Amino acid sequence: SRGFDHRWKLISTESSSDNCGTSNADIDSETIVTLAWMISRFWKSNNGYFIDAPLNKHNYPGYCNETNDETIGITVYHAHTKTCWQHVHSDTLSVYDFTYWTLPGTHPGNSAAEMAGHHHPIKKWIEVYNVTTIKYHPSHIIYLWENKKENFGYIGRYGDIIQYSDLPIMIKTPSIAKEFGLNNNTDGKGILVCGSPGEVQTDPFSRNVFDVYGSNRFSQTAKKVQAKARQKKNVWMMTALQGNDQLRQRVAWILSQILVVTPNQVGDIYNSENYLNYYDIFVRHAFGDYFDVLKEGKVYMLL
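Residues numbered from 1 in each chain as written. Predicted model: local features only at pLDDT ≥ 70, side-chain atom pairs only at ≥ 80, totals over all residues. Heavy atoms only, no water.

1. Quick look at the pairing of strand β4 (residues 83–88)
Most of β4 is tucked away, with five of its six residues classed as buried. Hairpin connection, strand β3 (residues 75–78) to β4: the antiparallel pair is bridged by four residues, and K82 has positive phi, about 55 degrees. (Buried < 20%, exposed > 50% of the residue type's maximum accessible area, 1.4 Å probe, protein only. Helix = DSSP H or I, 4+ residues; strand = E, 2+ residues; numbered from the N terminus. Pairing = 2+ DSSP bridges.)

So this is what it looks like as structure tokens:
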């Protein structure tokens, strides 16, 4: 259905259209063609195990019968790579931080297990059984998961390579950094950001941060993707409304309406630093010479 991420799981390589499953009896051929196109369109999200493809009315050219609401399990053959893909739930083998459900008063089974002297219903999987994969119990209604999963930090999909900077802020702790051979300073490899002159040095362990750029965005929920896309607006609005230099902020906004580069013109909607760095030109020179604005803005990458 449209408006949701579709996850496709690789089930075989060196396949042919004849041996790519037989579970498509109720899906019309035109829709299958559109789904195959969708896999090609979002091939860059392929991590060797999964492809995540957001489907909406603007990003596919063909026909898609929206009455086909039972598509979990269907298979699609990708002719160019001779691979076979199966449509699975959008959170199949997603990796989440379940710390929230280990806290008192969160998971409904926590107190009951404690009173009965049983193992903790969440911690037991790693502490007792030494497994990290939890299967959703078939007796649970799926919307319970959809309503609760925003409490868990989304890390990625099985098979993804995740940068430390892309981890949820709640688990970006010194102990996690140490576990993976990192340290508390910002030296060494990572994302290099050239901030504005006079900008305070970034503290990667601070909670008040926003991502510069992240990978595997197609695998996130729509809410999280929208939150990332609003970074530029949120940072600008906080500064414009709460800054102590209100006159400077208002002059900077006027200058930005003369030398216009909108957030949407930045190559990627997640490149917040680029746009904010450009806007800082107007803030710095709000009470200075207009020539300095033109000089610095002329050499800036967005122009």
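Next comes the rest of the write-up.
2. Quick notes on the state of the cysteines
A covalent bond bridging the sulfur atoms of two cysteines is what the word disulfide describes. All told, the structure shown has one disulfide when counted by the stated rule. A sulfur-sulfur distance of 1.9 Å marks the disulfide that ties C20 to C84. Disulfide C20-C84: the torsion about the S-S bond is 95 degrees, which places it as right-handed. Of the two residues, C20 sits in the loop between β1 (4–12) and α1 (29–41) while C84 sits in strand β4, which places them 64 residues apart along the sequence. Judged by its relative accessible area of 1%, C84 is buried. (Disulfide = S-S within 2.5 Å.)

3. Re unusual backbone geometry
Positive phi, normally seen in glycine, also occurs at K82, with a value near 55 degrees. Note on placement: K82 falls in the loop between β3 and β4. Residues other than glycine seldom take positive phi values, yet L93 does so here, at roughly 55 degrees. Within the secondary structure, L93 sits in the loop between β4 and β5 (94–97).

4. A look at the pattern of salt bridges
Taken as a whole and judged by the stated rule, the model has six salt bridges. In this structure, the salt-bridge partner of R7 is D52, at a minimum N-O distance of 2.9 Å. With R7 in strand β1 and D52 in strand β2 (residues 50–55), this pair connects stretches of sequence that are 45 residues apart. Since its relative accessible area comes to 1%, R7 is described here as buried. Note that K149 is salt-bridged to D91, the shortest N-O span being 2.8 Å. Of the two residues, K149 is situated in the loop between α5 (142–148) and β6 (153–157) and D91 in the loop between β4 and β5; the sequence distance between them amounts to 58 residues. Just as K149 is buried, D91 falls in that class too. Connected through shared salt-bridge partners, R7, D52, R157 and D160 make up one network. (Salt bridge = Lys/Arg side-chain N within 4 Å of Asp/Glu carboxyl O.)

5. Section: a nonpolar patch on the surface
There is a patch of nonpolar side chains on the surface, built from W125, V128, Y129, V131 and I134 and spanning about 420 Å² of accessible area. Its place among the elements puts V128 in the loop between α4 (124–127) and α5. (Patch = residues over 30% accessible without salt bridge, like charges linked within 9 Å, V, L, I, M, F, W, Y side chains within 5 Å. Areas by Shrake-Rupley, 256 points an atom, 1.4 Å probe, with all protein chains shown as cover.)

6. Some remarks on the packing of aromatic side chains
All told, the structure shown has 14 aromatic pairs when counted by the stated rule. Ring geometry for W43 versus W85: centroids 5.8 Å apart, planes at 80 degrees, classification edge-to-face. Separated by 42 residues along the polypeptide, W43 in the loop between α1 and β2 and W85 in strand β4 bring together distant segments of the chain. Aromatic pair Y96 and Y154: ring centres 5.2 Å apart, planes at 70 degrees, arrangement edge-to-face. With Y96 in strand β5 and Y154 in strand β6, this residue pair connects regions lying 58 residues apart in the sequence. The side chain of R7 reaches across the aromatic face of F50, ending 5.4 Å from its centre. When the ring centre of F42 is taken as reference, the NZ or CZ atom of R41 above it lies at 4.8 Å. (Phe/Tyr/Trp six-rings, centres within 6.5 Å; stacked < 30°, edge-to-face > 60°. Lys NZ or Arg CZ within 6 Å of the ring centre and 35° of its normal.)

7. What to know about α1
Count 3.6 residues to each turn of an α-helix, and residues three or four apart come out pointing the same way. With 13 residues, α1 ought to run about 18 Å at 1.5 Å a step, and its terminal C-alpha atoms sit 18 Å apart, in line with that. Of all the positions in α1, only T31, I32, T34, L35, A36, M38 and I39 are classed as buried. (Expected span 1.5 Å × (residues − 1).)

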